[in-house]
Amino acid sequence: MLSLQSPAKINFFLRILRKRPDGYHDLASLFQAIDLCDTMHFDLAENDAFTCSDPSLPTDATNLVSKARDLFRKKTGIKHCFSINLHKKIPQHAGLGGGSSNAATTLWALNNLCGKKATDKQLSDWGAEIGSDIPFFLSQGTAYCTGRGEILRGLAPLENQTIWIVKPPIGLSTQRVYGQLDIKDSNPEYVAKQILELESILPEFALSQRTKDETIYFNDLEEPAFKLAPQLGALKQKLEGYGFSSVLMSGSGSSFFCVGGKDLLLNIPDCQTFKCQHINRDHSRWY
Ligand code: C5P
């Protein structure tokens, strides 16, 4: 039996660069894993079995965990069956990458149960076939991601800090939030300039002196998400009133992360709140 943590992520910055002919968007984003984790148990079994603590989550073939298991078998040719149990803590439809993290954890776990037949690079490439964020979770916890989100540059761990996650009762569909974007054709020069500017911000995160400077936190998906759910804009304003140096929506929402606060205890009516830290892993071990 293998028991593993499956962490959530936040995006310190997320810039949308252009809409692609395949309907996806090219982006540039700094991803960080955080210690808000689901727990997963894996074992070899006579037949496949997938159970989940949250009855609202379908455990059929549409779940990213089932997709990861089926893809792992197809790619490796391994015939084994697996029992998988998922204990959910990461909120769904929150922009925290919970489903992608579960899929990445599944790929890593099954590979370990089967004698490490695949390389990390292969697991990452296979993950990208079923979800843009999955390769990030196979990184070591801090990465600059481009393309659909699946092209990674792993970074050294950043200085740790307290991060409050606030999840309102409303959830958002990633596809619907991207669907609200109204991007005119971006010319290649604009995109190249944006990329250069973003890459120049990365060392500032590493130095950490400027992590309290709110201009290095931004998310181009906030505006489309607030169009879909105006109450999210109101929640952001309310959270800013607590004196954090930065409050930003994570990914496609609907959750927010708050950094640079005093040592306060955050309790927002109707919202789930989680006090978190960064989480990183060594190359050879899971989180
Ligand atoms: O890759 P994933 O299945 O997580 O993407 C979910 C949806 O989000 C896609 O169907 C697409 O509509 C949108 N998306 C996008 N550009 C990205 C990532 C996701 O348009 N880079």
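Computed from a predicted model, the values in this text were never measured in an experiment.

Engineer: How should I be thinking about the packing of aromatic side chains in this particular structure?
Structural biologist: Within the structure shown, the criterion is met by 14 aromatic pairs. Ring centres of Phe31 and Phe136 lie 4.9 Å apart, and the angle between their planes is 40°; on these two criteria the pair is classed as tilted. Residue Phe31 is located in strand S2 (residues 25–45), and its partner Phe136 is located in helix H4 (residues 134–137); the two are separated by 105 residues in the primary sequence. Given a relative accessible area of 3%, Phe31 falls into the buried group. On the basis of relative accessibility, which here comes to 0%, the residue Phe136 falls in the buried class. Aromatic side chains Tyr217 and Phe257 sit 6.4 Å apart centroid to centroid with 55° between the ring planes, which places their arrangement in the tilted category. Of the two residues, Tyr217 sits in the loop between helix H6 (188–207) and strand S8 (218–219) while Phe257 sits in strand S10 (residues 256–259), which places them 40 residues apart along the sequence. By the burial criterion, Tyr217 is buried, and Phe257 matches it. By the ring-pair criterion, three or more aromatic residues cluster together here, those being Phe12, Phe13, Tyr144, Phe205, Tyr217, Phe218 and Phe257. For the cation-ring pair, Arg148 lies above Tyr24, with the distance from its terminal atom to the ring centre recorded as 5.1 Å. One cation-aromatic arrangement involves Arg281 over Tyr287; the distance from NZ or CZ to the ring centre is 5.7 Å.

Engineer: Sorry if this is basic, but what is going on with the site of the ligand here?
Structural biologist: All residues in the neighbourhood of the ligand are listed as Gly23, Tyr24, His25, Leu27, Gly131, Ser132, Arg148, Thr174, Gln175 and Tyr178. A distance of 2.9 Å separates a nitrogen atom of the ligand from a polar atom in the backbone of Arg148. Cavity membership is defined here by more than half of the atoms lying within 2 Å of grid points; on that basis the ligand lies in the largest pocket. Broken down by secondary-structure element, the contributors of at least two residues to the shell around the ligand are S2 and helix H5 (174–179). Per-element accounting of the shell around the ligand gives the leading share, 3 residues, to H5. Partitioning the shell around the ligand into residue classes produces 3 nonpolar, 6 polar and 1 charged.

Conventions and cut-offs
- Residues numbered from 1 in each chain as written.
- Predicted model: local features only at pLDDT ≥ 70, side-chain atom pairs only at ≥ 80, totals over all residues.
- Heavy atoms only, no water.
- Phe/Tyr/Trp six-rings, centres within 6.5 Å; stacked < 30°, edge-to-face > 60°.
- Helix = DSSP H or I, 4+ residues; strand = E, 2+ residues; numbered from the N terminus.
- Buried < 20%, exposed > 50% of the residue type's maximum accessible area, 1.4 Å probe, protein only.
- Lys NZ or Arg CZ within 6 Å of the ring centre and 35° of its normal.
- Near = heavy atom within 4 Å.
- Polar contact = N/O pair within 3.5 Å; in protein donor to acceptor, adjacent residues only side chain to side chain.
- 1 Å grid on protein atoms, 1.4 Å probe; cavity = no way out; pocket = protein on both sides within 12 Å on 5 of 7 lines; lining within 4 Å.
- Sits in = over half its atoms within 2 Å of the grid points.
- Nonpolar A, V, L, I, M, F, W, Y, C, P; charged D, E, K, R; others polar.

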